[in-house]
Amino acid sequence: GGPGSAPHRACTPKYAYHTTLIFYFNFDVHADAASRQFVQRLTAAAKPLERCFRRVQFESAKLLPEEDKYPVGVSLMFYRLLLSRSFSRRFDYMFWMESDVQVLKPLWLDKVYEEAMFPAHFWIKGSMYRGDQWDGMPERHPMQWDVMQAYAYHINGVGVYRLGDADFSHFVRAAMKKFPAASATSFNPFDISIWKVLQEVVSPAVGEGQAPSTDNWNIFQRYGHCVLYTDFVWNLGGNVGAEVLARARRSPGVYLAHGGTGEFKSKAAAQLKEEETARKVKQKVGA
């Protein structure tokens, strides 16, 4: 089925020729024998999904030790992949999937492909927060909610992204520059940073000597339709009430849920995490 899933049938063969499965790692998967053995085991584990893809590939971000922490590492990995010219020459869209995604319905890969194909052009398609952890927060914690409003409506990182679009790449680079992933003073995951930059097109941050202008509005008129909320994946964040996940399962258009458990649901994902930890310990001992 996939990371965090029950054993669902993932696809029909009709889209397989057009899609590639990429396992993307923080470390160099070809650096040593242990890493290569890890890839071999993962390839074997992914065997049931081969019918769904034209090919299976492995990519490495090769993060430095000081980069390999959350949210710095995952944000740098995202930026490097999305802005890679060689990557965008091979693909038009990518679906960014993380290890805590739960599969709720069969044929979820077919649904992802169809989401990428319609409409004909967009930049981001994903989910806002659909959990229940923030219920009542504006009334109980108004000051905290005032801060959170800058990103409360952001589209979560698990979603479909356009590759090779010069205008979108411009906004992504602006997010990297204004909200550095490696900031020592701020929490800047890539999805929130991109959202903040896109929103400042319409309403720049107060206190920076800026105000909404005709130029801001014109930019939003041109690009607003490229940022789309969707229902095929729900962002549930950390722990949520059981009724929220049950509602996602009942909803006919919802195929995936991001988070919602506070822990790995997939034994495979937990095993991979354990093996990666063991590999890092082995490397430190060897050093």
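For the structure, see preceding data.
So, here is what we can say about the structure in this document. (Residues numbered from 1 in each chain as written. Predicted model: local features only at pLDDT ≥ 70, side-chain atom pairs only at ≥ 80, totals over all residues. Heavy atoms only, no water.)

### Let's talk about helix H7 (residues 166–178)
Then step 1. Helix length check: H7, at 13 residues, gives a terminal C-alpha distance of 18 Å against a target of 18 Å (1.5 Å per residue), a fit within 8%.
Then step 2. Three or more residues of H7 are buried, namely Phe-168, Ser-169, Phe-171, Val-172 and Ala-175. For H7, the angular spread of the buried residues around the axis is 160°, confining them to a single face. Opposite its buried face, H7 presents the exposed residues Ala-166, His-170 and Lys-177, each directed more than 90 degrees away.
Then step 3. Where H7 starts, the residue carrying a side-chain oxygen 3.0 Å from the main-chain nitrogen of Asp-167 turns out to be Asp-165. (Helix = DSSP H or I, 4+ residues; strand = E, 2+ residues; numbered from the N terminus. Expected span 1.5 Å × (residues − 1). Buried < 20%, exposed > 50% of the residue type's maximum accessible area, 1.4 Å probe, protein only. Arc of directions from axis to C-beta. Polar contact = N/O pair within 3.5 Å; in protein donor to acceptor, adjacent residues only side chain to side chain.)

### A closer look at the packing of aromatic side chains
Then step 1. Inspection of the entire model under this criterion finds 23 aromatic pairs.
Then step 2. Pairing Phe-25 with Phe-38 gives two aromatic rings, centres 5.5 Å apart and planes at 80°, and the pair type is edge-to-face. In this pair, Phe-25 sits in strand S1 (residues 20–25) while Phe-38 sits in helix H1 (residues 33–45), placing the two residues 13 residues apart along the sequence. Taken individually, Phe-25 and Phe-38 each receive the classification buried, so the pair is uniform in this respect.
Then step 3. Positioned above the aromatic ring of Phe-122, the side-chain terminus of Lys-125 is 4.9 Å from the ring centre.
Then step 4. The ring of Tyr-93 is capped by Arg-162, whose NZ or CZ atom sits 5.0 Å from the centre of that ring. (Phe/Tyr/Trp six-rings, centres within 6.5 Å; stacked < 30°, edge-to-face > 60°. Lys NZ or Arg CZ within 6 Å of the ring centre and 35° of its normal.)

### Considerations on the environment of Ile-22
Then step 1. Tracing the backbone through its elements, the reader meets Ile-22 in strand S1.
Then step 2. Accessibility expressed as a relative area gives 22% for Ile-22, which makes it partly exposed.
Then step 3. In sequence terms Ile-22 and Val-56 are 34 residues apart; their C-alpha atoms lie 5.9 Å from each other.
Then step 4. In this structure, Ile-22 is in contact with Gln-57, Glu-59, Phe-87 and Phe-91, ignoring residues within four places of it in sequence. (Contact = heavy atoms within 4.5 Å.)

### Here we look at helix H10 (residues 242–250)
Then step 1. Those residues of H10 not exposed but buried are Val-244, Leu-245 and Ala-248. What you see down the axis of H10 is that its buried residues fit within an arc of 95°, all on one side. Facing away from the buried side of H10, by more than 90 degrees, are the exposed residues Ala-242 and Arg-250.
Then step 2. Elements that come into contact with the buried residues of H10 comprise strand S4 (101–103), strand S8 (233–237) and strand S9 (256–259).

### Here's the deal with the nonpolar core
Then step 1. Grouped together as the largest cluster of nonpolar side chains are 34 residues, with contacts concentrated most on Phe-78, Leu-82, Met-94, Trp-96, Tyr-161 and Ile-194.
Then step 2. Breaking this core down by element, the ones donating at least two residues are helix H2 (72–82), strand S3 (93–96), H7 and helix H8 (190–200).
Then step 3. Per-element accounting of this core gives the leading share, 7 residues, to H2.
Then step 4. Discounting chain neighbours no more than four positions away, the residues touching Ile-194 are Phe-78, Tyr-79, Ile-124, Val-172 and Ala-175.
Then step 5. Grouped together as the second largest cluster of nonpolar side chains are 28 residues, Phe-23, Val-29, Phe-53 and Val-103 included. (Core = buried A, V, L, I, M, F, W, Y, C linked by side-chain atoms within 4.5 Å.)

### A closer look at empty space enclosed by the protein
Then step 1. Within this structure, the stated rule accounts for 1 cavity of 30 Å³ or more.
Then step 2. As a volume, the largest cavity reaches approximately 60 Å³.
Then step 3. Lining the largest cavity are Ile-124, Ile-155, Tyr-161, Asp-191, Ile-194, Trp-195, Leu-198 and Val-227.
Then step 4. Examining the composition of the lining of the largest cavity, we find that 4 residues originate from one element, H8, more than from any other.
Then step 5. Looking at the lining of the largest cavity, its residues break down into 7 nonpolar, no polar and 1 charged. (1 Å grid on protein atoms, 1.4 Å probe; cavity = no way out; pocket = protein on both sides within 12 Å on 5 of 7 lines; lining within 4 Å. Points joined across faces, edges and corners; volume = space filled by probe spheres on them. Nonpolar A, V, L, I, M, F, W, Y, C, P; charged D, E, K, R; others polar.)

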